[in-house]
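Summary of the model geometry
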Amino acid sequence: MSTSTQHQFRYTQTPSKVLHLRNLPWECTDDELVELCRPFGKIVNTKCNVGANRNQAFVEFADLNQAISMVSYYASSSEPAQVRGKTVYIQYSNRHEIVNNKSPGDVPGNVLLVTIEGVEAGDVSIDVIHLVFSAFGFVHKIATFEKTAGFQALIQYTDADTAAAARNALDGRSIPRYLLPEHVGACHLRISYSAHRDLNIKFQSNRSRDYTNPMLPVNHTAIDGALQPVVGPDGKKIEPESNVLLASIENMQYAVTVDVLHTVFSAFGTVQKIAIFEKNGQTQALIQYPDVTTAATAKEALEGHCIYDGGYCKLHLTYSRHTDLNVKAFSDKSRDYTVPQVPAVPWQNPQAGPMYPGPAPALQGQVPGGQMLSWDPAQQAATPSYVSAPGTYPSHTYAAPPTPAYPTAAASSPIAQSNPLVHNASSMGITQPGIPLNVNLQPGGASPSVPASSPLMQASPIAGASPPAHQPYFS
DNA sequence: AGCACA
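In what follows, the accompanying structure is described. (Residues numbered from 1 in each chain as written. Chains lettered and ligands numbered in written order. Predicted model: local features only at pLDDT ≥ 70, side-chain atom pairs only at ≥ 80, totals over all residues. Heavy atoms only, no water.)

Description of the packing of aromatic side chains
Counted under the stated rule, the structure contains five aromatic pairs. An angle of 90 degrees between the planes, with centres 4.9 Å apart, marks the rings of Y73 and Y74 as edge-to-face. By relative accessible area, Y74 is classed as partly exposed at 22%. Ring geometry for Y254 versus Y312: centroids 5.0 Å apart, planes at 80 degrees, classification edge-to-face. With a gap of 58 residues between them, Y254 in the loop between strand 14 (244-250) and helix 7 (258-266) and Y312 in strand 18 (residues 312-319) connect regions that are remote in the sequence. Overall, Y254 belongs to the buried group, its relative accessible area being 16%. Overall, Y312 belongs to the partly exposed group, its relative accessible area being 26%. (Phe/Tyr/Trp six-rings, centres within 6.5 Å; stacked < 30°, edge-to-face > 60°. Buried < 20%, exposed > 50% of the residue type's maximum accessible area, 1.4 Å probe, protein only. Helix = DSSP H or I, 4+ residues; strand = E, 2+ residues; numbered from the N terminus.)

Structural notes on the pairing of strand 1 (residues 18-22)
Side-chain positions along a regular strand alternate between the two faces of the sheet. With four of its five residues buried, strand 1 lies for the most part within the structure. Where strand 1 lies against strand 3 (residues 56-61), four bridges are found, and the strand directions are antiparallel. Each residue of the ladder has a partner; that of L21, found in strand 3, is A57. As paired strands, strand 1 and strand 6 (residues 89-92) are joined by four bridges and run antiparallel to one another. If you follow L19 over to strand 6, its bridge partner there is Y92. (Pairing = 2+ DSSP bridges.)

Describing helix 2 (residues 30-37)
Considered for burial, the residues of helix 2 that qualify are E32, L33, L36 and C37. Along the axis of helix 2, the buried positions cluster into a sector of 120 degrees, meaning they face one direction only. Helix 2 presents D31 and E35 as exposed residues on the side facing more than 90 degrees away from its buried surface. Summarising the contacts, the buried residues of helix 2 are in contact with strand 1, strand 2 (43-50), strand 3, helix 3 (64-76) and strand 4 (82-83). (Arc of directions from axis to C-beta. Contact = heavy atoms within 4.5 Å.)

Focus: the side chain of T283
The residue T283 is located in strand 16 (residues 282-288) in this model. Note on T283: relative accessible area 7%, which makes it buried. Setting aside anything within four residues of it in sequence, one finds T283 in contact with A247, S248, I249, M252, I276, F277 and E278.

Section: the sheet that holds strand 3
Pairing is antiparallel in the open sheet, where four strands are placed in the order 2-3-1-6. Each edge of the sheet is formed by a strand with only one pairing partner; in this case those strands are strand 2 and strand 6. Strand-to-strand twist in this sheet, taken as the mean axis angle between neighbours without regard to direction, amounts to 20 degrees. The sheet strands contacting helix 2 are strand 1, strand 2 and strand 3, and the helix crosses strand 2 at an angle near 130 degrees. Sheet contacts for helix 3: strand 1, strand 3 and strand 6; angle to strand 6, the most-contacted strand, approximately 140 degrees. (Axes fitted to C-alpha atoms, helices over the stretch in contact; angles between N-to-C directions.)

Digging into the sheet that holds strand 11 (residues 208-210)
If you walk across this open sheet you meet the five strands as 10-7-9-8-11, and the pairing is antiparallel. The strands lining the two open edges of the sheet, one partner per strand, are strand 10 (188-193) and strand 11. Along the sheet, successive strands turn relative to each other by an average axial angle of 20 degrees, direction set aside. Along the sheet, helix 4 (residues 126-133) makes contact with strand 7 (111-117), strand 8 (139-147), strand 9 (150-157), strand 10 and strand 11, crossing strand 8 at roughly 130 degrees. Along the sheet, helix 5 (residues 160-170) makes contact with strand 7, strand 9 and strand 10, crossing strand 10 at roughly 150 degrees.

Here we look at the pairing of strand 14
Burial of strand 14 is extensive: six of the seven residues sit out of reach of the surface. Note: strand 14 against strand 16, six bridges, orientation antiparallel. The residue bridging S248 from the neighbouring strand is Q284, located in strand 16. Pairing geometry for strand 14 and strand 18, over six bridges, is antiparallel. If you follow S248 over to strand 18, its bridge partner there is H316.

What to know about the environment of R54
Along the polypeptide, R54 turns up in the loop between strand 2 and strand 3. Given the relative accessible area of 43%, R54 is considered partly exposed. As for R54 and N23, which are separated by 31 residues in sequence, their C-alpha atoms are 9.3 Å apart. Not counting the four nearest positions on each side in its chain, R54 is found in contact with P25, W26 and N49.

Section: the state of the cysteines
Simply put, disulfide is the name for a covalent bond between the sulfur atoms of two cysteines. Under the criterion given, the structure shown has zero disulfides. Looking at the unpaired C48, the closest cysteine sulfur is the one in C28, lying at 5.7 Å. Residue C313 stays outside any disulfide, its sulfur separated by 8.0 Å from that of C306, the closest cysteine. By relative accessible area, C313 is classed as buried at 0%. (Disulfide = S-S within 2.5 Å.)

Description of the side chain of D210
As for its position among the elements, D210 is in strand 11. One buried charged side chain, D210, makes no salt bridge at all; its nearest oppositely charged neighbour is K141, positioned 4.1 Å away. Discounting chain neighbours no more than four positions away, the residues touching D210 are H140, K141, I201, Q204 and L216. (Lys, Arg positive; Asp, Glu negative; His and termini not counted. Salt bridge = Lys/Arg side-chain N within 4 Å of Asp/Glu carboxyl O.)

Shown next as C-alpha cells:
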C-alpha cells in the first residue's frame, strides 16, 4: 500500500487554464458553468455532465491568469462557488485544454440534420417532414438526400432555439405511421445539428423546399415523378390507383402464407410479386399485378372478405403507392413470380433438377413451393398437397416435408372454395386442429366492414411530443 | 467531492 499519492489532489495541481469542477448538480448546463466562471475571464470551452454521476465539469479559460484568478478567489472566499445552491469544488485540471469531445452534430445551430431511420428515400414525403417539424416554428427550408447513414433531411429554422426545441421534442421519436406508406415499420428520428446556417435551395421539388421563397422555380419532373401522397382539401389522403394492392389482414387467427395469398389473388389475374410483412403487430401484404385494372378488379372483389370462413383473416385492401415491388424471389415472406427460379425447398433433393418440367407459367396457382399443384379442386381435396402429383412432378416422388407448414393450406385455400369437397380435407388426417377448411370469398358473403376510423383524427403529428397546439393540417 | 474514450 502506498501513501505517496495521498496529497496528489490538493498539492500537486499545477495551474492550468482548464478548471475541474465537481459536486455539481447532475443536470448542470453549460450555461450555468459559464455564468459561474465568466466573471473571471473569457471562457473558450466547457464540458459538463462528466463522470459516472454526471456531476463534474471542465471549464477552459482563454488565459491561464483567468483560471488562476478564479481558483484564487474561491480559495480565500468565505462564500463557496455554488450552482443551484450546491457548493462546487474548483481546482486546476490536470490537462491543459478541453478535448472537444463534442461531435459537430452537438453544436447547436438553426439547422437540424434529421436522419430518418428505417425508411428509404421516398417513403417519407417532404410534406410530412414539413408538417412534423412545423409544429415548433416556421420552417424556412428543407433539403432531403440519401447518404449511407440513410434518408436524411436538413431542416432550417429561424434560430437555434427553435431548432433546439424541435430536436428536444422529436429526437428518438417516430413519425406516426398514418403519415407514412403502408409498408414502413418503425421509423425513428435521429436529430443532430447541422453546421449549415442557410441552405441553398435551387428548386421546389420532391427533395427540397424553400418556404421563404414561393417564387423559386419548380422542378416539375422531380415533383411529378415522385410518389407523393396526395392530400385532399379535407386532409385525407387521396389514394391513387395502383397495380399494387396493400392487404391488411384482420383477425388473423390462422397464418396466411405467400402461397395462400397467391392463390386468392391469382383468381383475378397474374400475380407478379407478393410481400408479407408485419406492421403494428398486424400482418400486411403487398400484391403486385401487371396493371391497375387487374388490381382494381381484385380490390373490388376481395375488399372486406375473409380468406377463411368465420370472419378469419379478413382482407382490407387499399392501393399501395408502390408500382414495382423489390422483393426476394423466394422467401417465406415474399415471392417474385416473374423470376423463374427453383427455390430451395428443404425436402427437395438438390440433385432432382427443375421442379417444373413444362413451361413455368402454364398453371395458375402453381407456386415454387409446390404446395399447390393444380387448380383442380377435386384433386386438391383428394390429394395431400405435398404428395407427388402425377403429371406435374412426373418422375419424382417427394417425401412428406418434416414439418408441413400449413398442411391444409392448399385444401382450404380459396381455389377449392367452389367445391364442397374441400371439406373432406380434414379426412386426410393432416389437418391441424383449428385450421380453417373453407373460405368465404363469394360475392354477397360476409359484408365488408366499415374501415376503421381515420387516423387523421389524431391531434399531433408525433404522439406525446407536445408540440404547440396549432395543427392546421388536422383541424 | 476527486479528471473527460464517447
